[in-house]
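Observations on chain architecture
Here is what each chain is made of, one letter per residue.
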Amino acid sequence: MDILVIIPAYNEEATIKKTVMNLIQTCPYDYIVINDGSTDRTLDILKENRFHYLDLPVNLGIGGAMQTGYRYALRKGYQYAIQLDADGQHDPKDLEKLVAEIKQSGCDMVIGSRFVEKTNYKGSPFRRMGILYFYYLLYFLSGVKITDPTSGYRIVNRNVMREFANYYPVDYPEVEVIAKLAKKGYKIKEIKVEMNARQGGRSSITPLKSLYYMTKVTFTSLIRSIF
Amino acid sequence: MNKVQLITIMFASLFLIQVIYYSTRNKLRDKQAFLWFLLAVIGLFIAIFLEPLNKVAAVLGVSYMPTLIFTIAFLVVLNALIYQSITLSDHQEKIKTLVQEIAYIKHELQNDQRKEEKDESC
């Protein structure tokens, strides 16, 4: 099998078992859970169920965890790698669509989007405004139209995996990597996916962090789109 | 030599002794030790040659020499801080890579164990 599903997990004891079981039942792809130094029972659950996992001894953040997965995929010779959130927001049923699209279109990255077509997604107005802001930011900086730049549901080919193995932002990586890939001439596409409400755990982005998030991502995206 | 200059030389000397002490105790190493040693020597040099520096400042059109020294010192300290941040970022990156490698090796070991268990049960 040439496709690896990477599931970054930090304190996801409430959902990790369901997410992995759902994936195993839905898709034939290989998977690896990256336990990002969880302090709850996530690691125990992974062990008890004999799931495939990499256990980071300390918390590296979402970027460090995902990069671990991309490096693993590269070493093991996978042709494509897909990010799937451990909190159950991403529906494994859409995996097939992402795989089919990247293979047919020859793009380097395909992003699962909530906004490219109408979906059942109901986010808060504030969150939607933030996403719209990043849409215009990326369009202004890189000339690409990505309707859902904060979506983590994405598949990449081996060329992009190599890029990510060399550099992947530690925190809030989604928007920044699009700016970087667009600058380097990689082809990025979006397809419609459905996203569920968070099944458990806590969001990594609290309202208090939002301002820092927006400013930091704007700065880093600006840097990546120029240099 | 007036009182102020004597006190300045004393503080600059103490700073130099402090840097040498940390270097000999291996608390400061290699490039870091050299950087601070250089800064301490420059500080002492300025303290000793206050008068000639006053003249240089006058030539440059600076009426109050300490302003010039504070500006230069501020820029030097700012650069030293940036250098520290670069070193810190470099170390963070190396630690991250090490953590990832440990996770990978643990995974490989676990796979071997699972294979052995499977073989034994067969």
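Residues numbered from 1 in each chain as written. Chains lettered and ligands numbered in written order. Predicted model: local features only at pLDDT ≥ 70, side-chain atom pairs only at ≥ 80, totals over all residues. Heavy atoms only, no water.

With that settled, consider the domain arrangement of chain B. For interface size, the figure often reported is the accessible area lost on association. Residue and element names in this part refer to chain B. Taken as a whole, chain B is organised into domain 1 (1-48) and domain 2 (66-122). Distance between the C-alpha centres of domain 1 and domain 2: 31 Å. Across the contact, 6 residues belong to domain 1 and 6 residues belong to domain 2. Roughly 500 Å² of surface becomes buried between domain 1 and domain 2 when both sides are summed, with 66% attributable to carbon and sulfur atoms. At the boundary of domain 1 with domain 2, the tally comes to 0 salt bridges. Counting across the interface, domain 1 meets domain 2 through 1 residue pair in polar contact (both at pLDDT 80 or more). Across the side of domain 1 that touches domain 2, the residue classes tally to 4 nonpolar, 1 polar and 1 charged. (Domains from an automatic or database assignment. Contact = heavy atoms within 4.5 Å. Buried area = accessible area lost by both parts, 1.4 Å probe. Salt bridge = Lys/Arg side-chain N within 4 Å of Asp/Glu carboxyl O. Polar contact = N/O pair within 3.5 Å; in protein donor to acceptor, adjacent residues only side chain to side chain. Nonpolar A, V, L, I, M, F, W, Y, C, P; charged D, E, K, R; others polar.)

The next thing to look at is a nonpolar patch on the surface. Residues and elements named next belong to chain B. A grouping of Ile 20, Phe 34, Phe 37, Leu 38, Val 41 and Ile 42 is seen on the molecular surface, where their side chains present a nonpolar patch of about 510 Å² in accessible area. No other element matches helix H2 (residues 30-48), which puts 5 residues into the nonpolar patch. Within the element layout of this structure, Val 41 appears in helix H2. (Patch = residues over 30% accessible without salt bridge, like charges linked within 9 Å, V, L, I, M, F, W, Y side chains within 5 Å. Areas by Shrake-Rupley, 256 points an atom, 1.4 Å probe, with all protein chains shown as cover. Helix = DSSP H or I, 4+ residues; strand = E, 2+ residues; numbered from the N terminus.)

Residue and element names in this part refer to chain A. Here helix H8 (residues 207-226) spans 29 Å end to end across 20 residues, near enough to the 28 Å set by a 1.5 Å rise per residue. The set of residues buried in H8 consists of Ser 210, Tyr 213, Lys 216, Val 217, Thr 220, Ser 221 and Ser 225. Looking at the buried side of H8, the elements it contacts are helix H5 (125-142) and helix H7 (173-183). (Expected span 1.5 Å × (residues − 1). Buried < 20%, exposed > 50% of the residue type's maximum accessible area, 1.4 Å probe, protein only.)

A word on the interface of chain B and chain A. If you look at the interface, chain B gives 14 residues, while chain A gives 20 residues. Together, the buried faces of chain B and chain A total about 1600 Å²; carbon and sulfur atoms form 47% of this surface. Here chain B and chain A share 4 salt bridges between them. Its salt-bridge partner being Arg 50 of chain A, residue Glu 117 of chain B comes within 3.5 Å of it at the nearest N-O pair. Here the side of chain B that touches chain A is composed, by residue class, of 4 nonpolar, 4 polar and 6 charged.

Let's shift gears to the environment of Arg 154 of chain A. Residue and element names in this part refer to chain A. Here Arg 154 is to be found in strand E6 (residues 154-157). Taking the C-alpha atoms as reference, Arg 154 lies 19 Å from Asp 36; in sequence the two are 118 residues apart. Apart from the residues within four sequence positions on either side, Arg 154 is in contact with Ala 81, Ile 82, Gln 83, Met 109, Val 110, Ile 111, Pro 149, Glu 174, Val 177 and Ile 178. A distance of 2.9 Å separates a polar atom in the side chain of Arg 154 from the backbone oxygen of Ser 151.

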